[in-house]
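# Examining the three-dimensional arrangement
Chain residues, written in single-letter form:
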Protein chains: 2
Amino acid sequence: MSHNHTYNVAVVGATGAVGQKMLETLEERDFPINQLKLLSSSRSAGKKVPFRGEELTVEEATPESFENVQIALFSAGGSVSKKFAPEAVKRGAVVIDNTSAYRMAEDVPLVVPEVNEEDIKNHQGIIANPNCSTIQMVAALKPIKNELGLKRVLVSTYQAVSGAGNEAADELRDQSQAFLNGENLEAEILPVKGEKNHYPIAFNALPQIDVFQDNGYTFEEMKMINETKKILHAQELPVAATCVRLPFFTSHAESVYIEVDRKGVTVEEIRKLMDHAPGIVLQDDPATQTYPTPLDAAGKKDVFVGRIRKDLDNEYGFHLWVVSDNLLKGAAWNSVQIAERVIANQWL
Amino acid sequence: MSHNHTYNVAVVGATGAVGQKMLETLEERDFPINQLKLLSSSRSAGKKVPFRGEELTVEEATPESFENVQIALFSAGGSVSKKFAPEAVKRGAVVIDNTSAYRMAEDVPLVVPEVNEEDIKNHQGIIANPNCSTIQMVAALKPIKNELGLKRVLVSTYQAVSGAGNEAADELRDQSQAFLNGENLEAEILPVKGEKNHYPIAFNALPQIDVFQDNGYTFEEMKMINETKKILHAQELPVAATCVRLPFFTSHAESVYIEVDRKGVTVEEIRKLMDHAPGIVLQDDPATQTYPTPLDAAGKKDVFVGRIRKDLDNEYGFHLWVVSDNLLKGAAWNSVQIAERVIANQWL
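Here the structure is a predicted model, which is why all the values come from computation and not from measurement. (Residues numbered from 1 in each chain as written. Chains lettered and ligands numbered in written order. Predicted model: local features only at pLDDT ≥ 70, side-chain atom pairs only at ≥ 80, totals over all residues. Heavy atoms only, no water.)

## Quick notes on the environment of B:Ala101
- Here B:Ala101 is to be found in the loop between β7 (94-97) and α3 (113-116).
- Residues B:Ala101 and B:Ala85 lie 16 residues apart in sequence; the distance between their C-alpha atoms is 9.8 Å. (Helix = DSSP H or I, 4+ residues; strand = E, 2+ residues; numbered from the N terminus.)

## Looking at the packing of aromatic side chains
- Scanning the model with the defined rule gives 17 aromatic pairs over all chains in all.
- Relative to A:Phe74, the ring of A:Phe66 has its centre 5.6 Å away and its plane inclined at 10°; by these criteria the two rings are stacked. Of the two residues, A:Phe66 and A:Phe74, neither departs from the other in class, the shared state being buried.
- Feature note: the residues A:Tyr158, A:Trp321, B:Tyr158 and B:Trp321 constitute an aromatic cluster, connected by ring pairs.
- In this structure, A:Arg173 packs its charged tip against the face of A:Phe249, placed 4.7 Å from the ring centre.
- In this structure, B:Lys151 packs its charged tip against the face of B:Tyr316, placed 4.0 Å from the ring centre. (Phe/Tyr/Trp six-rings, centres within 6.5 Å; stacked < 30°, edge-to-face > 60°. Buried < 20%, exposed > 50% of the residue type's maximum accessible area, 1.4 Å probe, protein only. Lys NZ or Arg CZ within 6 Å of the ring centre and 35° of its normal.)

## What to know about the side chain of A:Glu340
Residue and element names in this part refer to chain A.
- Tracing the chain through its elements places Glu-340 in helix α9 (residues 328-344).
- Using a relative accessible area of 6% as the deciding quantity, one classes Glu-340 as buried.
- Here Arg-29 takes part through its side chain, which lies 2.7 Å from a polar atom of the side chain of Glu-340. (Polar contact = N/O pair within 3.5 Å; in protein donor to acceptor, adjacent residues only side chain to side chain.)

## Section: the relation of the copies chain B and chain A
- Of the transformation placing chain B onto chain A, the axial shift is 0.0 Å and the rotation is 180°, giving an RMSD of 0.0 Å. Such a combination of rotation and displacement between the chain copies is what one expects of a two-fold axis.
- Of all interface residues in chain B, 98% are interface residues in chain A too; the two copies therefore contact each other through one and the same surface. (Least-squares fit on C-alpha atoms with pLDDT ≥ 70 in both. Contact = heavy atoms within 4.5 Å.)

## A few points about the interface of chain B and chain A
- Across the boundary between the two partners, chain B contributes 65 residues, which contact 64 residues of chain A.
- Interface area lost by chain B to chain A is led by B:Phe203, B:Gln289 and B:Arg307, which between them contribute 13%.
- Ionic pairing is found between B:Glu221 and A:Arg307, a salt bridge with its closest N-O pair at 2.7 Å.
- Counting across the interface, chain B meets chain A through 37 residue pairs in polar contact (both at pLDDT 80 or more). (Buried area = accessible area lost by both parts, 1.4 Å probe. Salt bridge = Lys/Arg side-chain N within 4 Å of Asp/Glu carboxyl O.)

## Details of the UniProt feature "active site" (unreviewed entry) in chain A
Residue and element names in this part refer to chain A.
- Cross-referencing UniProt, the feature "active site" (unreviewed entry) maps to Cys-132 and His-252 in the present numbering. With the annotated positions falling across 121 residues, the maximum pairwise C-alpha distance of 8.1 Å places them together in a single cluster.
- With respect to the helices and strands, Cys-132 occurs in helix α4 (residues 132-148).
- Contacts of Cys-132, omitting those with residues within four sequence positions, involve Glu-220, His-252, Asn-326 and Gly-330.
- Locating His-252 in the fold gives a position in strand β11 (residues 252-260). (UniProt positions renumbered as here; feature names shortened; annotations may be inferred.)

## Here's the deal with the environment of B:Ile33
All names here are of chain B.
- Here Ile-33 shows up in strand β2 (residues 33-40).
- For Ile-33, a relative accessible area of 12% corresponds to the buried category.
- Between the alpha carbons of Ile-33 and Ile-258 there is a distance of 41 Å; along the sequence they are 225 residues apart.
- In this view, Ile-33 contacts Thr-6, Tyr-7, Val-9, Leu-26, Phe-51 and Arg-52; residues no more than four positions away in its chain are not counted.

## So, the sheet that holds strand β6 (residues 71-74) of chain B
Residues and elements named next belong to chain B.
- Taking strand neighbours across the sheet as the criterion, the six strands line up as β5-β2-β1-β6-β7-β8 in an open arrangement whose pairing is parallel. Here the strands that pair on one side only, and so sit at the sheet edges, are β5 (59-60) and β8 (126-128).
- Of the pairings in the sheet, the one linking β7 to β8 comprises three bridges and is parallel in character. Its bridge partner being in β8, Ile-96 is matched across the sheet by Ile-127.
- Strand contacts of helix α1 (residues 17-28): β1 (7-12), β2 and β6, with the helix running at about 175° to β2, the strand carrying the most contacts.
- On the sheet, helix α9 (residues 328-344) packs against β1, β6, β7 and β8 and is oriented at approximately 165° with respect to β6. (Pairing = 2+ DSSP bridges. Axes fitted to C-alpha atoms, helices over the stretch in contact; angles between N-to-C directions.)

## Thoughts on empty space enclosed by the protein
- Under the counting rule described, the total for this entry stands at two cavities of 30 Å³ or more.
- Roughly 90 Å³ of volume is contained in the largest cavity.
- Every residue lining the largest cavity is counted, 15 residues in all, and those nearest its centre are A:Leu154, A:Ser156, A:Ser255, B:Leu154 and B:Ser156.
- Among the secondary structure elements, those contributing two or more residues to the lining of the largest cavity are β9 (150-158) and β11 of chain A together with β9 (150-158) and β11 (252-260) of chain B.
- Here the lining of the largest cavity is built from residues that sort into eight nonpolar, seven polar and no charged.
- A volume near 40 Å³ is recorded for the second largest cavity.
- Taken together, A:Phe212, A:Gly216, B:Arg271, B:Asp284, B:Pro286, B:Thr290, B:Tyr291, B:Arg307, B:Ile308 and B:Arg309 make up the lining of the second largest cavity. (1 Å grid on protein atoms, 1.4 Å probe; cavity = no way out; pocket = protein on both sides within 12 Å on 5 of 7 lines; lining within 4 Å. Points joined across faces, edges and corners; volume = space filled by probe spheres on them. Nonpolar A, V, L, I, M, F, W, Y, C, P; charged D, E, K, R; others polar.)

## A closer look at α1(B)
All names here are of chain B.
- Taking 1.5 Å per residue, 12 residues should reach 16 Å; α1 reaches 17 Å between its end C-alpha atoms and fits that length.
- Among all positions in α1, only Ala-17, Val-18, Gly-19, Met-22, Leu-23, Thr-25 and Leu-26 are buried.
- Immediately beyond the C-terminal end of α1, within one or two residues, lies Asp-30, with a positive phi of roughly 50°. (Expected span 1.5 Å × (residues − 1).)

## Overview of the sheet that holds strand β13 (residues 303-310) of chain B
Residue and element names in this part refer to chain B.
- Sheet architecture is open: six strands sit in the order β10-β9-β11-β14-β13-β12, paired in mixed fashion. If you trace the sheet from one side to the other, it starts and ends with β10 (239-242) and β12 (280-282), each paired once. Ignoring strand direction, the axes of neighbouring strands in this sheet form an average angle of 25°.
- Judged from the eight bridges that link them, β9 and β11 form a sheet pairing that is antiparallel. Across the sheet, Leu-150 pairs through a bridge with Val-260, a residue of β11.
- Helix α4 (residues 132-148) rests against β9, β10, β11, β12, β13 and β14 (317-324) of the sheet, and its axis sits at about 25° to β11.
- Of the strands in this sheet, β9, β10 and β11 touch helix α6 (residues 219-231), which is tilted by about 155° from β10.

## Looking at the packing of α4(A) against helix α7 (residues 267-276) of chain A
All names here are of chain A.
- Interaxial distance between α4 and α7 falls to 9 Å at its minimum, and their mutual angle equals 120°. Classified by the angle their axes make, α4 and α7 are oblique. Judged by the twist between their axes, the crossing of α4 over α7 is right-handed. Across the interface between the two elements, Ala-140, Pro-143, Ile-144, Glu-147 and Leu-148 from α4 touch Glu-269, Ile-270, Leu-273 and Met-274 from α7. (Parallel < 35°, antiparallel > 145°, perpendicular 65-115°, else oblique. Left-handed = near helix turned anticlockwise from the far one by under 90°.)

## Let's talk about the pattern of salt bridges
- For the coordinates displayed, the defined rule picks out 47 salt bridges over all chains.
- Across the pair A:Glu221 and B:Arg309 runs a salt bridge whose closest N-O atoms are separated by 3.3 Å. Here A:Glu221 is found in helix α6 (residues 219-231), whereas its partner B:Arg309 is found in strand β13 on a different chain.
- For A:Glu221, a relative accessible area of 0% corresponds to the buried category.

So this is what it looks like as structure tokens:
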């Protein structure tokens, strides 16, 4: 980035799993920061966090914290965003919110820069960062929708525990060691912190991410369904999702079935689309056992696509395997990327 | 079972992951055994294995091993079955083969007793036990097909390492401990023993089970597709599968999407069907976070079904989450169950 100008930036939720990655990403991208303010709930206030070789102290967020802030990155839970994002906007900041608080609000753009960067310019102060599992899927679907049309999406997810925060990652670590020691597994966080029942995640799979809705779908599944339609500007597109939490730390994987609009599409055509798409890395060669895995994708900013196959019964059907680091492209990197686009286009 | 008569039984592959479970199941079911012969490749010959309080010695299989054997349970790999199953049949045994060697042979019934027990009676000596991931799925699909019709099946699997044998389970254990110790992960078995490349399974997901076919699908995926059609007697049924190996030891889980034939079907109707189906246990109540998990299903003989939801865009579409112990209903128990039906019906 060119640094003609620098900005006062606030990171709200700086000590969380995503907040930490936001700081790393801002540092790695050499983001044009004038002053960096780290904010949090009272619980984490006072903690020290390293940034560009210095130790910064996390402050408790108040409405006044946002005076003179131009860009505020929120990732401290929906209730914090609901309380403070309007205060930040009132004081002139552009808020990039990584919670679900504003995603479906009509006047809030929901943005994956490779997919719908143009939506940013209509923002009224808040720009929403989509759900992690949505981001990587729409990044892969967008070039397909553009070139081949998209009639249907059906996804089953394989999601990392870090999506539920650092406590969930600690729980996986502790339970895994207990299991290997032949000890009992104690479950207190997953599947959903604060829910009535908790189940072990170590050496297990939990088909619940976030709370259940009245229709029997989980909130995570409904997020994938609704956000995909909003980001792709395709309210009529049928999208179905089953979301599953699995015992790995980083990166979500997705088994995605799609139906395209055009007849006679080949696997090679979709491979080429993926190979040329921004933010996508094609890893697809059965002959050399080349395909993306969560462990491989961890720490990388791209979305990796492989296992592209034509459905054996449906001329329009294709299967894809989509993997990306849920804390980077799924959260921190996508948020910083939005901030970069805001600056580059002067959409402040 | 009534024990008017007892049988000479051979277990081929007695020291493997499935073989061990076969012995446990024979013992637990009080199977009417006169003489039990444990057979294996030369590599495992001489090992001692406990059965009904005695120590039995594993012998190297030869054609003559099958003299006077009435029921032979094979689970020592396809090449062993190909070599010795015909020898056993020649000597008057009924072979129940848990490998893929004979599954698609036209004159070999492929059987899940709850689904197509009647097919057993046409056997020519060999009865094939389906692939683990297929068995649990067709057990859930059969009552739906019978009552509501079935127009389409689309499955993404979440499969345990024990499906790749004891060595794969050891590999997961060793790698998990290494990961927790901050050490490097050594991969020598998974995704497929003997393949060129091996990848870590600990805290990871591998979208390859068995070798790749020319069409880009893995053999595991093609097994699910072809075996499902054969067992359900539905060659025209569209079946698609994506198979993924995950870091847990026991039980496969499956995210299954189906389309039924009848209009206006409700979730409650499918729940009732599952609740009354033989071999199926319904675990489906979002209000109490009730759904099947691999860890819960381990060591049990049933197939567990939950997360039943109507598709939001397709009147005929439903989503199910199907879990079962891959070594029991997926292998050992289904084989012993076939043997029990052979005896009960005098289909020897």
